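Single-letter residue listing:
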Amino acid sequence: MVTRNDWLTRSGTMQHNVYMMVTPRVKEEAQRHFNCSTLEGAELENQGGEGTALAHWEKRLFENEAMTGVFTQNTVFSRVTLALMEDTGWYLVNYEMADPLRWGRNLGCLFTKNSCAAWMKAQKTAGKSIAPFCSKIKKQGDSRTGCSLDRTSVASCNLVEYEQNLPTEFQNFLPGFIPGISESEDRYGGAVLLADFCPFYQSFTWTQKGEEVRTSSCISQHNALPYDLNYALEFYGNKSRCFEHRTKWMKEKCSTRYTAVNHGSGCYKFHCESDALRVEIAGGFKYPCFHEGQVLDISVQVDSWSFQGTLVCPSCEEVCSDSGFICPAEIK
């Protein structure tokens, strides 16, 4: 057990006890992953019932690692889990078989040793994104989406309002941090309790008349929309990732026009090439991304239908680095 004496909450700082796995290789891998040389080890889950608390990695810090206490999205077995297997003395581990874990990578000691409130405050003060966390309230009927941190899924921010105040140590929103909310931030938190109520972009399932239709995973070709409903020319498969939209997509022919109801992001195939990251939409059209934040204005014709929309480019490194591809310096 380690005591954090400066754990930041809406009410100020307080003491917060965490539990760590401190075996040698686990400690080494955790320090490397988070880029925090003073980290005591890998934090264990502090919530949940028997079989969850102290039996899994902390969800706040390891989100989609397979050995966290609840499934959320695109689970991976990281080097930290393999390190624990090796430290038992029962396994010889091939670390090249580990899955890349994007969550928390190189985010430093503040991220790993304090609350998500502390992280969000520091990032906002510095004028930076509060990712991997978010502050957009999830509302019924709101069809605007974003992307999961690793871009393998279309996702929505899982920030919700609870009926009662959250436990003090998990009141993560300081006054003015949630757009449109000026009071009662002590009732707002992420829908995944094991993540210390820290909100993040999470994949979801589309339903129709109470029945599951498809999930929002980009890497599953089974989620592909029927041709006549694919207004944003999305492309699903293991080489696809989530890209944000700047505007709603439209499909039209003569006087007939359809506008995508779900908007904000979509799934598209990507290509890591020597001169640029390229995005491929349904129909085989490819567009180069030369820098992060570049907006692609798309207007194409497919089978006599006209499609119009936009895509926002991520950095080349964000989508290509996990495969070992080295992005050219000018497009990082």
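As the structure is a prediction and not an experimental result, all values here were calculated from the model.

A. Expanded view of the sheet that holds strand β4 (residues 146–147). Ordered by their spatial adjacency, 3 strands build an open sheet running β4-β5-β8, and the pairing between neighbours is antiparallel. Strands with a single pairing partner mark the edges of an open sheet, and in this sheet they are β4 and β8 (201–202). As paired strands, strand β5 (residues 154–157) and β8 are joined by 2 bridges and run antiparallel to one another. Paired with Cys 157 across the two strands is Tyr 201, which belongs to β8.

B. Up close: the pairing of β5. Residues Val 154 and Ser 156 point to one face of β5 and Ala 155 and Cys 157 to the other, with burial holding for every one of them. Counted between consecutive antiparallel strands, the loop separating β4 from β5 contains 6 residues, among which Arg 151 sits at a positive phi close to 65°.

C. Fine view of the packing of aromatic side chains. Applying the stated criterion across every chain yields a total of 14 aromatic pairs. Ring geometry for Trp 103 and Phe 200: centres 5.5 Å apart, planes at 75°, overall edge-to-face. Pair noted here: Trp 103 is in the loop between α3 (79–87) and α4 (108–113) and Phe 200 is in the loop between β7 (188–190) and β8, with a separation of 97 residues, a long-range link. Of the two residues, Trp 103 and Phe 200, neither departs from the other in class, the shared state being buried. Their ring planes at 25° and their centres at 6.4 Å tell us that Trp 249 and Tyr 268 sit as a pair that is stacked. In this pair, Trp 249 is assigned in the loop between β11 (240–244) and β12 (250–253) and Tyr 268 in strand β14 (residues 265–272), connecting sequence segments 19 residues apart. For Tyr 268, a relative accessible area of 0% puts it in the buried group. Grouped by ring-pair contacts, the aromatic residues Phe 34, Trp 57, Phe 62, Trp 103, Phe 111, Trp 119, Phe 133 and Phe 200 constitute a single cluster. Over the face of the ring belonging to Trp 305 we find Lys 251, whose NZ or CZ atom lies 4.6 Å from the ring centre.

Cut-offs applied
- Residues numbered from 1 in each chain as written.
- Predicted model: local features only at pLDDT ≥ 70, side-chain atom pairs only at ≥ 80, totals over all residues.
- Heavy atoms only, no water.
- Pairing = 2+ DSSP bridges.
- Helix = DSSP H or I, 4+ residues; strand = E, 2+ residues; numbered from the N terminus.
- Buried < 20%, exposed > 50% of the residue type's maximum accessible area, 1.4 Å probe, protein only.
- Phe/Tyr/Trp six-rings, centres within 6.5 Å; stacked < 30°, edge-to-face > 60°.
- Lys NZ or Arg CZ within 6 Å of the ring centre and 35° of its normal.

Nothing here speaks to function; it is all geometry.
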